[in-house]
Each structure stands twice: as C-alpha cells, then as structure tokens.
Amino acid sequence: MKKNTGNFQNLQPESPRSSVTPKKANDDLDFKEIMEVLGATDVCEFEYSKGDMHIVIKKEPVSIMLGEIEPEAILGNTAKAESAPGLKVRHGEREEQVDTHSCIETIKSPAVGTFYISDGDILLSSVGEKIKKGRKIGWVNSMGIRQDIIADKNAEITAILCKDREVVEWGQTLFEIKEENV
Amino acid sequence: MFKKVLVANRGEIALRVIRALREMSVKSVVICSEADKNNFYCGLADDSVCVGAAQAASSYLNISQIISAALVKKCDAIHPGYGFLAENHHFAEICASYGINFIGPSPETIALAGQKAEIIDLMKRKKIPVVPGSKGVVPSVKEAKAVAAAIKYPVIIKATAGGGGKGMRIVRSEKDIEQAFELAGAEAKNAFSNADLYVEKYIEAPRHIEIQIAADKKGKVVFFPERDCSIQRNHQKVLEESPSPQIGPKMRKKLGETACRVAKLINYTTVGTVEFLVSKDKFYFMEMNARIQVEHPVTELVSDIDLVKLQIALAAGEDLKLKQDDIKEICHSVECRINSEDENYMPSAGVIEKLILPGGPGVRVDTAMTSGSEISPFYDSMIAKIITYGRNRAEAIERMKRALMEMKIEGVTTNIALHQKILQDKNFADGCYTTDFIGLMK
C-alpha cells in the first residue's frame, strides 16, 4: 500500500460509558463486516490489521460544543457575566467568564449519517424539556453504527434543529441547549 | 452512466471533476472538511457534505465518513481525484463492498501499481526495459551494498511505497550508502508507514517522460502524446509540457506502445499514466500512476480530448470508442504549477488577499482559489495551474510568459518568479533540459 489508509474516527458508542475494549478481528473480516459487527456491539475501541491495512476505531463520547452562536449572544449581560460562576468562553485571544444561566450551547453531529430523535415509538427529547446529564437525547446512524447523542450536563433543550430521519453532515448543529444548575 | 457521483477530494481537482460531471448531466456531491465548507467550488456541485475537521485524517482520508456520505446522498460512484485516497486500494475495495463504483482501476491493479518493487519485477520478467537494480525489497545495508556493487555507483535508494521524492537518496560511493539507507528508511516509515526500500542504478541527467493512457474493461488501450515533466525541484514537478521538445516520432511510438503493454499487463482500466526515464536513445519504465494526474490538462489541450469525462465514462463501463489514429497532436501546451511558497521554497500558508487570474487567447486556468481564499497548512500549497497552448512550442511559451505577467497574487509569496526564470532560460527555450535543470539553472 503506498498511501495513507485513512482513519475511522468519530464513531460513538451505544453508551459513552462503555469500557474501552480493544479487539482484534479475525483475518477474514472486511471493512463492511467490521462495521456491521461494530454496529451490533458496544465496543469502544477497535484495532485491526490485515496485510498492509491497519484500522484503529476509537469511539469517543459526543461532546457538547460551543460554537456558531455569535460570542456576543453567548455572553449576554456582561455585568452579570462578571460575577457569574462556572463556564469560560474563548473569545478570540481572550477568555471570558459567562453567565451560565443564559448561555446557549450547541450539540453537533459527530458523523455523516441519519439523525433520529426517536427510538422506535419513544421520543427521546423535545423542545423545552429539561434533561439531566447522561440522558440520551437522539442518535445518528452512520453506516449502520449507532452513535448516541448524550447530554453531558443538566440543561434545557431550547431548539432541535434537525427533523427525525434527516440526513446530517459532520459538525451540523442538532440541538441548542441552555445549561441549568440543578 | 452514473446518476450521482461523490467527489471525494478538494480544491481545483474537485472543481475539475464537478465541471466534467455537469457537462455529462451527472449530479455531483462534493465532500468538504470544516475548513473548506465555505469555498465557492462547493456551491458549484449539486450538493456538498462536510465529512470532518480540517485535518485530512479526519476528513479527506476518513474512509468511514466518506462512504457514509456516499450512502446517505445515494451516490452510485465516487471520484477520488488525485492524492488522498486516489491510490488506496483498500478504499477502492470498500467502495465495491458497498456497491459504489470507484472511478479508477480495480483494487488489485491499484495495489500492484502501488508496490513499486513488485511492478518493476513484473516488467523485468516481461522484457520491458527497467532501470537495473535490486530484485524487490532490499532488507539490509549489506544487501544494498551488494546490489550497488553489481550495478555500479551511482545508485538511488527508493521507498517501495514512495512518491513525491520522499524516502529517496542518491548514493555516489560505498562510504555513503549506510547513512543514506538508514535515512531513506526512516523517512519512508514516517511518510508511508512502510520502511521497505529498493536500490537501482541512478541514471544521470535523464528526461522524465510520461505517457497518458486510456483503457476500457475489454482490454482496449490507447496512448496520448507524451508529457515532458523533467522540470522538477526536489523530485517534485514544477512545469510540464506536451509534446516533449526532445522526443522524436520513433521514440514516441516506442514509449506509447510500451505504455499500452504495461497497462494490459496489469489489467489497467480507465485513465492512467506510465512514467519513463529517457536517456539518449534508451528508455526505462519507472512506474504506473493509477489516477488522473495534476498535469492532465496539457494532454487535454494537445489532444482536444477531455480526460476526466473519458475516465468517468470508462469507469461506468463504456467501451473505448477512440482509435489510436484518432489521437492527434493539435497544438503545443505548457503548464506551470503556481504554488504558495517562501524564499526557501517551502510551502507557505496564508490568506490570498488579492488574486487576478490571466486570460486571453490560449490560456486555461485550473484553480479553486479566489481573492480571500486561505492556503491552509493542512493541505498542499498549490494556488493554480496555468496552462497555455499555441500552434507551436514558441507560441505556447510566449503565451505563458504573458499569462504569468498578467497574474497578480497578493498576501502570499509564490513561485511565479521561478517559472519566469525557467521560461527565460536559453536551454529551456531550446528544449535542452533534463531532470537536473533547476539545480543547474543560473
């Protein structure tokens, strides 16, 4: 093989808390079979070598990212921000303290795939709903692998920006949330 | 014909493929990284999809996300462009396993073309002239010394997985071979994750001549007028022209026929390039490039055949309708690769504050840059390919001089001055140059 073999990042586990389980596939597995096997398990880390091909798949928890919202909109009332505890936001070279009560954050898609807001008949989240850290609020199916979107903090969902079963790209904003101190 | 093609590349080659697909009435979906999302060419495709972060490993080399993009966008084929995954046989194999057509040769052919030691060995067995050297991989300095003693110095140590001058060392005497072997191996391991090396006779001052071929799935192969790619710096092509000013009809026919034989021997399909070293009246097979190449426009202008459209049609299973006699040299063409680079010729990142492109008779510009575009440190630093053509070599060169004079780039430093120096050189004007031309240029 003369060039890079590519990588397989951004794959999320059934549960981001699953233990890291390095696995070796048998030599006859091809890429499609590997993806099918991974889709049906909660394996978090996977390493596979065959001839000159070496694949490493690491499933990392979805992170809630600040972004896309104008910094001014995030910062809100600066007088309040100065005294507010908690979240820090980078604003160019500066780091500023922000009012966590009025801070809107975004949750982005970890992969190219199809977004789901429901699990069968069960709706996973809705606008205005208050969610607790660790709650599954949606998922993205990328090549048959389910990548759950898990809240990493207590928050209120202020907007859901994609429809159920909508095709999403990597980094596309799926949710806007407002952090809550519960 | 395909209905919708995923363009799995970026920049000028992505735009080149989008344009070909548009003219063929085939829908296009272009992938992009987060850094390229707002580039204008993404808007020229029918659809675009962001597949990852700016780092190529997260986006343009991220096979799972690229395949996922093809599946959710319902593409029936992927065009890999050049670089990134274009010659990754695993990627071609994975495309096939998902029922997606890979626009290029078969995975087996890509794998064979990529293993330089193996393909050289095959050519030797089939009596195609190759540069004398080791039989396959040389595992130790001791064996490298034995090969060098047999074929005589100077020799060149090359990485089997190499390309672009990486993992390559010229050795002129036995005292230098140990260090060169170690350095080439370390560089190859670092660049290609494969430290395998081979040794061959170093041909002094050759011409680097390549032959574009096209082949269908029934085994029909045709060749195009040669490209002379001898103007190189650090084994990287800088300026190309077609036809070569120093190749006569007899050598042209020999190279063309050999290139077709090579393609047939490895069951090559779609378009590809066979590279040769030519020294006086001798020629040696160097390698087969299993992709569309950066310099393909010179051949398009000289032959008046759209190679990207031909590549897509052949990948879709169409028969090669061209006959060898249909391919004529209708003009002379020159291409200058305009790169963003600093005074030490190193790639240089930055924002193009102002870009004025040349035009007028006989000028073609392939670029995905505009004023305000960023030369990202994550990707190659090519700004544009300026390609000129004329009724003869002198006219094509004069048009290139004029085009480079018209071109204005502010915000980043470029290699335009180097191109102007080459074009003014008497030896270049006379067509007397070899691969050491830039090093010897005054």
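Being a predicted model, the structure only gives us computed values, none of them experimental. (Residues numbered from 1 in each chain as written. Chains lettered and ligands numbered in written order. Predicted model: local features only at pLDDT ≥ 70, side-chain atom pairs only at ≥ 80, totals over all residues.)

Colleague: Account for the domain arrangement of chain B, naming residues and giving values.
Modeller: When its domains are assigned, chain B resolves into domain 1 (4-103), domain 2 (132-201) and domain 3 (207-440). Taking the mean C-alpha position of each, domain 1 of chain B and domain 2 of chain B sit 35 Å from one another. (Domains from an automatic or database assignment.)

Colleague: Tell me about the sheet that holds strand β14 (residues 166-168) of chain A, residues and numbers included.
Modeller: Residue and element names in this part refer to chain A. Reading across from one edge, β12-β11-β7-β14 is the order of the four strands in this open sheet, with antiparallel pairing throughout. Across the chains shown, the open sheet's two edge strands, defined by having one partner strand only, are β12 (145-150) and β14. Shown here is a sheet whose adjacent strand axes are inclined to one another by a mean of 35°, direction ignored. Taken together, the six bridges between strand β11 (residues 136-142) and β12 define a ladder with antiparallel strand orientation. Bridging from a neighbouring strand, Trp139 pairs with Asp148 of β12. (Pairing = 2+ DSSP bridges. Helix = DSSP H or I, 4+ residues; strand = E, 2+ residues; numbered from the N terminus. Axes fitted to C-alpha atoms, helices over the stretch in contact; angles between N-to-C directions.)

Colleague: Help me get a handle on the environment of Pro80 of chain B, residues and values and all.
Modeller: Residue and element names in this part refer to chain B. Within the element layout of this structure, Pro80 appears in the loop between β4 (77-79) and α3 (89-97). With 27 C-beta atoms counted inside 10 Å, the residue Pro80 sits in the buried group. In sequence terms Pro80 and Ala150 are 70 residues apart; their C-alpha atoms lie 41 Å from each other. Residue contacts for Pro80: discarding those within four places in its chain leaves Ala8, Asn9, Leu85, Ala86, Ile103 and Gly104. (Buried ≥ 20, exposed ≤ 12 C-beta atoms within 10 Å, placed from the backbone. Contact = placed C-beta atoms within 7 Å.)

Colleague: Quick one: what's the story with the sheet that holds strand β7 (residues 168-171) of chain B, residue by residue and with numbers?
Modeller: All names here are of chain B. Ordered in space as β7-β6-β8, the three strands form an open sheet in which the pairing is antiparallel. Of all the strands in the sheet, the pair left with one neighbour each is β7 and β8 (197-201). Adjacent strand axes in the sheet meet at a mean angle of 20° when their direction is disregarded. Sheet topology note: the strand β6 (residues 155-159)/β8 ladder contains five bridges and is antiparallel. Looking at β8, one finds that Ala159 is bridged to Leu197.

Colleague: With reference to specific residues and values, describe the pairing of strand β13 (residues 155-160) of chain A.
Modeller: All names here are of chain A. Relative to β13, strand β10 (residues 130-131) runs antiparallel, the two sharing two bridges. Pairing of Lys130 across the sheet is with Glu156, part of β13. Of the strand pairs in this sheet, β13 and strand β15 (residues 173-179) are connected by five bridges, and their pairing is antiparallel. By the bridge assignment for β15, Ile157 is matched with Ile177.

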